[in-house]
Amino acid sequence: MIGVSYNGTLPNAVAATGVRGLETIVPIAAISSWYDYYRANGGVVAPGGFQGEDTDVLAKAVLTRANPEVCADVMAALERDQDRVTGDYNAFWAERDYLRDVAKVRASVLLVHGLHDDNVRTGQAGQWWDALAKRHVPRKIWLHQAGHTDPFNIRRAEWLSTLHRWFDQWLYRIDTGIMREPMADVEVAPTVWRTARSWPVPGTRQTPMFFGTGGTLRTAPSGFGTRESFVDDPTQTAEQLADAELTADPNRLAYLSAPLTRETRLSGTPTVTVRADLDGASPYLTALLVDYGPADRFAGVRTLPVQDCVGPGIPGDPGCFNRREYVTTRTASEIVSRGWLDVRNRLSKAHTTPIRAGKTYTFSWKLQTEDHVFAPGHRIGLVLISTERDHTLRYPAGTKVGVRLGASRVVLPLSR
């Protein structure tokens, strides 16, 4: 089974049943847990570009039958059971969580994901990959610099060669040698690919960096007893709040490393731990991992409103794909990864436990999986906000957040 997006999610779902006869899957930009598509650690969090969407919205969008009223009970159940009030993980989400059944996977897996996919975020691929690795499932991974798209549009010749040899290996049992080649192919910059025998790349170490006084990220804890604060402003986007890192901003806290002396590669899933108190309506803490460097640098991939077709076809047909181009930006900052927590779910994503205003708690959560190269001279930044306008629910402005230095830190999977 092979597919992109929803059609890439179906292979994950079927493989997780353990059905015999399914020899291999190629999930591209695919979901491994629907909870993590519409939620994050107890928080209602929308996929990029679809603020406000949830399972009921998606179901209504694809309901095309002539008599949709026969689905009314199903639609009502979706709206009720998805629970946009607490955001808790429940039986509804467990039924849609393929990670729960990863031990049943018999098929080999060729996993593909875009490192700039803000629709099906990279954490979907990261957690599926890690779970497969723990169970020694035969696998290979491709990570590219584009967003929510097919590698056919990016590296066509190499992709088709890889895919044919993969299918020959697993469907015809022909030894193509593909399983003796490097496990990972990663596009670390536009058209620059690196291979590795495993992923995260060998030599990656969990590296703690502590929030320090003066807006610094340090390799050792400091500033014990110091409290720094900000006020939530849901009218600003994450990009706006991450910008102008050296300027004091009442609506965020920013911590930066010293300029890097050599290339530093992040490969894996960052984790942030914050000692903090909150007072106000918003229950969110949002962490942004940011690459701060000089202007005129790679900013991502833009999809153009022009389509190329493979074989016969007209734009809009299956087999027709939007062109893409690499773009640069004048800004000196790039958000590399992000992650969200509803502080009422600090103990479990399945249970809401209210906090007491002004009381200090320890909060820990994961950011999105990533593979990113920080260039020499750049600085690694961690920006802490509450509401992320494009993803989280938007509570009234004014929540006050106080952060305690010393124990607050981000742990990054780094190699040099």
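Just so we're clear, the structure is a prediction, and the values are computed from it rather than from any experiment.

**Concerning the packing of helix α3 (residues 55-62) against helix α4 (residues 72-81)**
For step 1, the next point in the chain: Closest axis-to-axis distance for the α3/α4 pair is 8 Å, and the angle between their directions is 155 degrees. Accordingly, the angle class assigned to the pair α3 and α4 is roughly antiparallel. Within the contact between the two elements, α3 uses T55, D56, A59 and K60 and α4 uses M75, L78 and E79.
For step 2, the next point in the chain: Among the residues forming the contact of α3 with α4, the class breakdown is three nonpolar, one polar and three charged.

**A word on the pattern of salt bridges**
If the charged atoms of two oppositely charged side chains come close together, the side chains can form a pair.
For step 1, the next point in the chain: Scanning the model with the defined rule gives 17 salt bridges in all.
For step 2, the next point in the chain: A salt bridge links D54 to R39; the nearest nitrogen and oxygen atoms lie 2.9 Å apart. Separated by 15 residues along the polypeptide, D54 in the loop between β4 (43-44) and α3 and R39 in strand β3 (residues 39-40) bring together distant segments of the chain. Residue D54 shares its accessibility class with R39, and that shared class is buried.
For step 3, the next point in the chain: Across the pair D342 and R344 runs a salt bridge, and its minimum N-O distance is 2.8 Å.
For step 4, the next point in the chain: Looking at D342, the relative accessible area reads 2%, which means it is buried.
For step 5, the next point in the chain: Connected via shared salt-bridge partners are R39, D54 and R84.

**Examining the sheet that holds strand β2 (residues 24-28)**
For step 1, the next point in the chain: In space, the six strands of this open sheet follow the order β1-β2-β5-β6-β7-β8, with mixed pairing throughout. Only two strands of the sheet have a single neighbouring strand rather than two, namely β1 (2-4) and β8 (192-196). Taken pair by pair, the neighbouring strands of this sheet meet at an average axis angle of 15 degrees, ignoring direction.
For step 2, the next point in the chain: Both strand β6 (residues 139-144) and strand β7 (residues 184-189) contribute to a ladder of three bridges, which runs parallel. Paired with L143 across the two strands is V186, which belongs to β7.
For step 3, the next point in the chain: Running over the sheet, helix α7 (residues 156-171) touches β1, β2, β5 (108-114) and β6 and is turned about 155 degrees from β2.

**As for the pairing of β5**
For step 1, the next point in the chain: Most of β5 sits inside the fold, with seven of its seven residues counted as buried.
For step 2, the next point in the chain: Going residue by residue along β5, you find S108, L110, V112 and G114 tucked away on one face and V109, L111 and H113 tucked away on the opposite face as well.
For step 3, the next point in the chain: Here β2 pairs with β5 via three bridges, running parallel. Among the inter-strand pairings, I28 is bridged to a residue of β5, identified as V112.
For step 4, the next point in the chain: Sheet analysis places β5 next to β6, joined by six bridges and oriented parallel. Residue pairing for β6: H113 is matched across the bridge by L143.
For step 5, the next point in the chain: Taken together, β5, helix α6 (residues 122-134) and β6 form a β-α-β motif whose crossover is right-handed.

**A few points about the confidence of the model for the protein**
For step 1, the next point in the chain: Summarising the model, the protein shows a mean pLDDT of 93, and 91% of its residues fall at 70 or more.
For step 2, the next point in the chain: A low-confidence stretch, residues 310-315 (pLDDT under 50), is modelled with nine contacts involving residues beyond four sequence positions or located in other chains.

**Considering unusual backbone geometry**
For step 1, the next point in the chain: Cis peptide bonds are those with omega within 30 degrees of zero, and the linkage from W199 to P200 qualifies with 0 degrees.
For step 2, the next point in the chain: You can see P200 is positioned in the loop between β8 and β9 (205-212).
For step 3, the next point in the chain: Non-glycine residue T191 carries a positive phi angle of around 65 degrees.
For step 4, the next point in the chain: One can find T191 in the loop between β7 and β8.

**Re the side chain of D117**
For step 1, the next point in the chain: Secondary-structure assignment places D117 in the loop between β5 and α6.
For step 2, the next point in the chain: Here D117 is buried and forms no salt bridge, its nearest opposite-charge partner R121 lying at an N-O distance of 8.4 Å.
For step 3, the next point in the chain: Within the structure, the side chain of D117 is placed 2.9 Å from the backbone nitrogen of N119, a separation counted as a polar contact.
For step 4, the next point in the chain: Among the polar contacts made by the side chain of D117, one reaches the side chain of H148 at a distance of 2.7 Å.
For step 5, the next point in the chain: Beyond its immediate stretch of four places on either side in the chain, D117 contacts A29, T122, A146, G147 and H148.

**Some words on the packing of aromatic side chains**
For step 1, the next point in the chain: Evaluation of the coordinates by the stated rule reveals 13 aromatic pairs.
For step 2, the next point in the chain: Measuring from centroid to centroid gives 5.7 Å for Y35 and W93, while their planes differ by 80 degrees, and the two rings are edge-to-face. Highlighted residues: Y35 in helix α2 (residues 35-38) and W93 in helix α5 (residues 91-94), separated in sequence by 58 residues. Each member of the pair, Y35 as well as W93, carries the same accessibility label: buried.
For step 3, the next point in the chain: Summarising the aromatic geometry, the rings of F92 and W93 are spaced 4.9 Å apart at their centres and angled 90 degrees between planes, so their arrangement reads as edge-to-face.
For step 4, the next point in the chain: Its relative accessible area of 8% is what places F92 among the buried residues.
For step 5, the next point in the chain: The exposure class assigned to W93 is buried, which follows from its relative accessible area of 0%.
For step 6, the next point in the chain: An aromatic cluster is present here, built from Y6, W34, Y37 and Y38 joined pairwise through their rings.
For step 7, the next point in the chain: Over the face of the ring belonging to W142 we find R155, whose NZ or CZ atom lies 5.0 Å from the ring centre.
For step 8, the next point in the chain: The cationic tip of R155 hangs over the ring face of W193; the distance from NZ or CZ to the ring centre is 4.1 Å.

**Some points on α3**
For step 1, the next point in the chain: The set of residues buried in α3 consists of T55, D56 and A59. Seen along its axis, α3 keeps its buried residues to an arc of 95 degrees; they face one direction.
For step 2, the next point in the chain: Buried residues along α3 sit against α2, α4 and α5.

Reading the values: rules and limits
Residues numbered from 1 in each chain as written. Predicted model: local features only at pLDDT ≥ 70, side-chain atom pairs only at ≥ 80, totals over all residues. Heavy atoms only, no water. Axes fitted to C-alpha atoms, helices over the stretch in contact; angles between N-to-C directions. Helix = DSSP H or I, 4+ residues; strand = E, 2+ residues; numbered from the N terminus. Parallel < 35°, antiparallel > 145°, perpendicular 65-115°, else oblique. Contact = heavy atoms within 4.5 Å. Nonpolar A, V, L, I, M, F, W, Y, C, P; charged D, E, K, R; others polar. Salt bridge = Lys/Arg side-chain N within 4 Å of Asp/Glu carboxyl O. Buried < 20%, exposed > 50% of the residue type's maximum accessible area, 1.4 Å probe, protein only. Pairing = 2+ DSSP bridges. Right-handed = clockwise from strand over helix to strand, strands pointing away. pLDDT = per-residue confidence, 0-100. Lys, Arg positive; Asp, Glu negative; His and termini not counted. Polar contact = N/O pair within 3.5 Å; in protein donor to acceptor, adjacent residues only side chain to side chain. Phe/Tyr/Trp six-rings, centres within 6.5 Å; stacked < 30°, edge-to-face > 60°. Lys NZ or Arg CZ within 6 Å of the ring centre and 35° of its normal. Arc of directions from axis to C-beta.

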